[in-house]
Amino acid sequence: IQMTQSPSLLSASVGDRVTLSCKAGQNINNYLAWFQQKLGEAPKLLIYNANSLQTGIPSRFSGSGSGTDYTLTISSLQPEDVATYFCQQSNSWMYTFGAGTKLELK
Amino acid sequence: EVKLLESGGGLVQPGGSLRLSCAASGFTFTNFYMSWIRQPPGKAPEWLAVIRNKANGYTTEYNPSVKGRFTISRDNTQNILFLQMNTLRAEDTAIYFCAGGIAYWGQGTLVTVSS
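All of these numbers come straight from a predicted model, not from anything done at the bench. (Residues numbered from 1 in each chain as written. Chains lettered and ligands numbered in written order. Predicted model: local features only at pLDDT ≥ 70, side-chain atom pairs only at ≥ 80, totals over all residues. Heavy atoms only, no water.)

All right, on to the state of the cysteines then. Per the counting criterion, the structure on display carries two disulfides over all chains. In this model Cys 22 of chain A forms its disulfide with Cys 87 of chain A; the gap between the sulfur atoms is 2.1 Å. Between Cys 22 of chain A and Cys 87 of chain A, the S-S torsion sits near 70 degrees, and that sign places the bridge as right-handed. Pair noted here: Cys 22 of chain A is in strand E3 (residues 18–24) and Cys 87 of chain A is in strand E9 (residues 83–89), with a separation of 65 residues, a long-range link. The buried category is assigned to Cys 87 of chain A, whose relative accessible area is 0%. At a sulfur-sulfur separation of 2.0 Å, the disulfide partner of Cys 22 of chain B is Cys 98 of chain B. In this structure the cystine formed by Cys 22 of chain B and Cys 98 of chain B twists about its S-S bond by roughly 50 degrees; its chirality is therefore right-handed. Of this pair, Cys 22 of chain B sits in strand E3 (residues 18–25) while Cys 98 of chain B sits in strand E9 (residues 94–100); the two residues are 76 residues apart in sequence, bridging distant segments of the chain. (Disulfide = S-S within 2.5 Å. Helix = DSSP H or I, 4+ residues; strand = E, 2+ residues; numbered from the N terminus. Buried < 20%, exposed > 50% of the residue type's maximum accessible area, 1.4 Å probe, protein only.)

Written out as structure tokens, the structure reads:
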């Protein structure tokens, strides 16, 4: 299942509301996760099952969507949120990632 | 505290083999699907293989890009995950991560395939 993320690069200011999009090639039944990856680190799970916040993740992160279209929202961007964000589907094998959205500060 | 520690990466010539290990602790190993995921420099991660949990008979699945060359296995007495990699190619160069479920990831081990 192909996962398409947009935009590939996003510039925003501290305090902005930021929205990242992910579109699946077919219905993935909400088996959608969002990961944050900082330089030199392993990906970190933020959201699973489309809208469930992983333990320990700040509440400014939220996920939504259904079917083929999903969104990650950061309600108020913080400097530590600069990273690349990947969506990933696990509805059926083979699990696949999107190409990522690189989030930078304006 | 959950810990996943990969080892076994390094430099290998094309056509060579490597065996990666991932030592797990801090969770009930047999309850978890365990996976290998790789990430070439500057690219997105790629899910390579998964071995299911005890309840699902420890069955396996492979990405077509590695099927027939890589083998995932697990030692449920010592809580270790393995990836046997044969007939390595330059395009296999990447950081290799092990993962428990989707939430628990190791720090990765670098595999470089080059002559």
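Another point: the packing of aromatic side chains. Scanning the model with the defined rule gives twelve aromatic pairs over all chains in all. Judged by centre distance (6.4 Å) and plane angle (75 degrees), the rings of Trp 47 of chain B and Trp 105 of chain B are edge-to-face. Taken together, the residues span a long stretch of sequence, with Trp 47 of chain B in strand E5 (residues 46–51) and Trp 105 of chain B in strand E10 (residues 104–105) at a distance of 58 residues. Side by side, Trp 47 of chain B and Trp 105 of chain B carry an identical accessibility label, which is buried. Look at Phe 97 of chain B and Trp 105 of chain B: their rings are 5.6 Å apart centre to centre, the planes differ by 65 degrees, and that puts the pair in the edge-to-face class. In this structure Trp 105 of chain B comes out as buried when scored by relative accessible area, which is 13%. Ring pairs connect the aromatic residues Phe 35, Trp 93, Tyr 95 and Phe 97 of chain A together with Trp 47, Phe 97 and Trp 105 of chain B, which therefore count as one cluster. Geometry around Phe 82 of chain B places Arg 19 of chain B over its ring, the cationic atom sitting 3.9 Å from the centre. The ring centre of Phe 29 of chain B lies 4.5 Å from the NZ or CZ of Arg 74 of chain B, which sits over that ring. (Phe/Tyr/Trp six-rings, centres within 6.5 Å; stacked < 30°, edge-to-face > 60°. Lys NZ or Arg CZ within 6 Å of the ring centre and 35° of its normal.)

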